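Observations on chain architecture
The primary structure of each chain is shown beneath.
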Amino acid sequence: MSASTAAPAIRARKGDGTPLVMVTAYDTPSARIVDDAGADIILVGDSVAMVVLGYDDTLSVTVDDMAHHTAAVARAKPRAMVVADMPWMSYHVSREDTVRNAARLLRAGAAAVKLEGGRKRLEMVGAILDAEIPVMGHLGLTPQSVHMLGGFKVQAKEFDAARALVDDAVALAEAGCFAIVLECVPDAVATMVTEAVPVPTIGIGAGAHCDGQVLVFHDLLGLGGGRAPKFVRRYADLRGDATTAVAQFADDVRSGRYPSEAETYHFADGTPVPGLYQAASA
Ligand code: KIV
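Keep in mind that this is a model prediction, so the values were computed, not measured.

**Quick look at the packing of helix α5 (residues 95–107) against helix α6 (residues 122–130)**
In the contact formed by α5 and α6, the axes pass within 9 Å of each other and the chain directions differ by 55°. Considered as vectors, α5 and α6 are oriented oblique to each other. As for the relative orientation of α5 and α6, their crossing is right-handed in sense. Packed against α5, whose contacting residues are R95, T98, V99 and A102, the element α6 presents E123, M124, A127, I128 and D130 at the interface. Looking at the contact of α5 with α6, its residues break down into five nonpolar, one polar and three charged.

Written out as structure tokens, the structure reads:
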């Protein structure tokens, strides 16, 4: 991370006219790709549960899991800021345990943590900030609340819910969050929040009027399976390309085209393989 991608610099990007770019990564190679591509922020999202670990929701990942993936991302030594998600039940506990959990993610290599929820979570936001750990907020569709929300659905479609979401965002910004993710909300709601808070909003399925955008690495590269939500723009079909490549390898092995002479090691004196067998059995 450089000074230009530390929390104060990210916060200062509000309204500078250049949208922030955040992309998830969960290991060293994906972090290198995201960093080389020039993203401002690498999010070690708890979406790792669904896109890498095969779970149906994000609730199964633990602080241990998140620290493991955060450390792998940090080993890429990215210029971009590394933000780690606090998993479910890591900040729904005591202040002490919340701060200890956030600190583990910092020690693993994150420069900030992200947590889901608004006014309900202010005490824990304050506790983490008191420990000098920058906090990113996350409102709208908060996947850790999937059972309370009744599924992965667009949020704040009615006026009262929209107003509550704006109040939550203002409260998070006043508490000291340096940025706020807005997930799956109508663009009008994202615009209201973006105008109401002095910190950058980073949208995912929240329309074009946020201060930045985030996508999940596997979604934007076409690495995942199944139908993607409508806000996902696929820039590649890496799953298709990878399947074709592995199928070509299988075909080459079965047909004897792999390995070739050039892909094979030999004795220094060039002894051919049959000679080796004869010598060994003599
Ligand atoms: O876990 C994640 O990937 C996220 C993004 C969807 C913002 O929280």
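**Focus: the site of the ligand**
Residues in contact with the ligand, as listed here, are T24, L43, G45, D46, S47, D85, K114, H138, V181, E183, I204 and V216. Between the ligand and D85 there is a distance of 3.1 Å, counted from an oxygen atom to a side-chain nitrogen or oxygen. Here the ligand, which alone exposes 260 Å², has 96% of that area covered by the protein.

**Some thoughts on the packing of α6 against helix α8 (residues 159–175)**
Running from N to C, α6 and α8 cross one another at 20°; their axes reach a closest spacing of 10 Å. By the angle between their axes, α6 is roughly parallel relative to α8. The interaxial crossing formed by α6 with α8 has right-handed handedness. On α8, the residues touching L122, V125 and L129 of α6 are A171, L172 and A175. Taken together, the residues of the contact of α6 with α8 sort by class into six nonpolar, no polar and no charged.

Criteria and thresholds
Residues numbered from 1 in each chain as written. Predicted model: local features only at pLDDT ≥ 70, side-chain atom pairs only at ≥ 80, totals over all residues. Heavy atoms only, no water. Axes fitted to C-alpha atoms, helices over the stretch in contact; angles between N-to-C directions. Helix = DSSP H or I, 4+ residues; strand = E, 2+ residues; numbered from the N terminus. Parallel < 35°, antiparallel > 145°, perpendicular 65-115°, else oblique. Left-handed = near helix turned anticlockwise from the far one by under 90°. Contact = heavy atoms within 4.5 Å. Nonpolar A, V, L, I, M, F, W, Y, C, P; charged D, E, K, R; others polar. Near = heavy atom within 4 Å. Polar contact = N/O pair within 3.5 Å; in protein donor to acceptor, adjacent residues only side chain to side chain. Areas by Shrake-Rupley, 256 points an atom, 1.4 Å probe, with all protein chains shown as cover.

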